[in-house]
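Each chain, letter by letter, is given below.
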Amino acid sequence: MTTQPRHLLTLNDLGANGIRRVIERALADKRAGTSHQSPPLPGRSLAMLFEKASTRTRVSFEAGMTQLGGHAIFLSPADTQVGRGESAGDTARTLSRMVDAVMIRNHDHDVLENFAAAATVPVINGLTDRAHPCQLLADMLTLTEHCGDLAGRTVAWIGDDNNMCRSYMTAARLANFNLRIATPPGYQPDPASVEAAGDVVTLCNSAAEAARGADVVTTDVWASMGDEAEYQKRLAEFGGFQVDNAVMTEAKADALFMHCLPAHRDEEVAAAVIDGPQSVVWDQAENRLHAQKALLLELLAD
Ligand code: CP
Ligand code: NVA
């Protein structure tokens, strides 16, 4: 009987215990430094297929594999047969015969699921239209470093119901923190996903309401990759949803500001906030590396 590989398509694949293990390992390895006496993944390869742009995800996975003793291979539709129509299933079956894991960033989460169903090695979601679980691992690592236990904390999400918002909803349920979501009208999460998240998720009508008493305020670009055609429309509709100093003042005095990056200063966040003393965005960016190294060990180590 063939054993099914462990994938990370959403945080549900790790579950509460898996998330805890990854964060604990990331914290320990980060404190210990990056030099491994005997690297844990010698000779292992990670294929990285990017159908969308990336700075942090690409570099953190590639540097992470190198630090663990392995190797990462960058692939894009422009220079593989993916761009000429080779199916997700055939690509998955081929790559599974050659590498030890595949990371994919693409548009359609259903295509990622088809890929994973055909793969015989772990498949990691590097961002789809529906979820960005690797970013949430880094965010939870950052929160743990700065605030300790996540349970019972309150995070304010200001923005639309995008991939980050959906992953925050999953994370809130699994790690038992409260999530207050403030979106402009028409950009709310669908009622079924709010209900599935349970009583840890609350919808709010304004950024100030979501931020009130929060431990963390976080936001993201108003037009995600794939939403570019709506950029001008969204600029007009998201006007009252910028995280500025007035919004931060509603949160706890020592609240953190987080952003997965890239950021558009003075659109979703005031420059004074993202560049101010409450911002931990550079810790958060660095933590992509530490969280993903721990994830690779969780999924690949013997
Ligand atoms: N936050 C994030 O995923 O960044 P990149 O798009 O640069 O990978
Ligand atoms: N929501 C953003 C996240 C970028 C890391 C996007 O999908 O473009």
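So, how was this worked out
Residues numbered from 1 in each chain as written. Chains lettered and ligands numbered in written order. Predicted model: local features only at pLDDT ≥ 70, side-chain atom pairs only at ≥ 80, totals over all residues. Heavy atoms only, no water. Helix = DSSP H or I, 4+ residues; strand = E, 2+ residues; numbered from the N terminus. Rg over C-alpha atoms; globule rule 2.2 N^0.38 Å. Buried < 20%, exposed > 50% of the residue type's maximum accessible area, 1.4 Å probe, protein only. Contact = heavy atoms within 4.5 Å. Areas by Shrake-Rupley, 256 points an atom, 1.4 Å probe, with all protein chains shown as cover. Lys, Arg positive; Asp, Glu negative; His and termini not counted. Charge placed at Lys NZ, Arg CZ, Asp CG, Glu CD. Phe/Tyr/Trp six-rings, centres within 6.5 Å; stacked < 30°, edge-to-face > 60°. Lys NZ or Arg CZ within 6 Å of the ring centre and 35° of its normal. Pairing = 2+ DSSP bridges. Axes fitted to C-alpha atoms, helices over the stretch in contact; angles between N-to-C directions.

> Could you give me a rundown of the overall build of the protein, with the residues and numbers involved?
Counting its regular elements, the protein contains 12 helices and nine strands. The globule rule puts the C-alpha radius of gyration for 302 residues at 19 Å, and the 19 Å found for the protein is close to it. Relative to its full complement of 302 residues, the protein shows a buried share of 54%. Once local pairs closer than 6 in sequence are excluded, the contacts in the protein between residues at least 24 apart make up 73%. Surface accessibility of the protein: about 13,000 Å² in total, with carbon and sulfur atoms responsible for 49%. With 26 positive and 39 negative side-chain charges, the protein shows a separation of 5 Å between the mean positions of the two kinds.

> Run through the packing of aromatic side chains, naming residues and quoting values.
In the structure shown here, the tally under the stated rule is five aromatic pairs. Arranged with centres 6.3 Å apart and planes meeting at 80°, the rings of Tyr168 and Phe177 form a pair that is edge-to-face. Ring-pair connections join several aromatic residues into one group, and the members of that group are Trp157, Tyr168 and Phe177. Lying over the aromatic face of Phe74, Arg58 brings its terminal NZ or CZ to 3.6 Å of the ring centre.

> Would you mind going over the sheet that holds strand E9 (residues 256–259) in detail, with residue names and values included?
Adjacent strands of a sheet pair through backbone hydrogen bonds, lying either parallel or antiparallel. Read from one edge to the other, the open sheet built from five strands follows the order E7-E6-E5-E8-E9, with strand pairing classed as parallel. Whereas interior strands pair on both sides, the edge strands pair on one side only; in this sheet they are strand E7 (201–204) and E9. Strand-to-strand twist across the sheet, computed as the mean angle between neighbouring axes with direction ignored, equals 20°. Two elements, strand E6 (residues 178–182) and E7, share four bridges in a ladder whose sense is parallel. In the strand pairing of E7, Leu179 is matched with Val201. This element, helix H5 (residues 133–147), spans strand E5 (154–158), strand E8 (216–219) and E9 of the sheet and lies at about 165° to E9.

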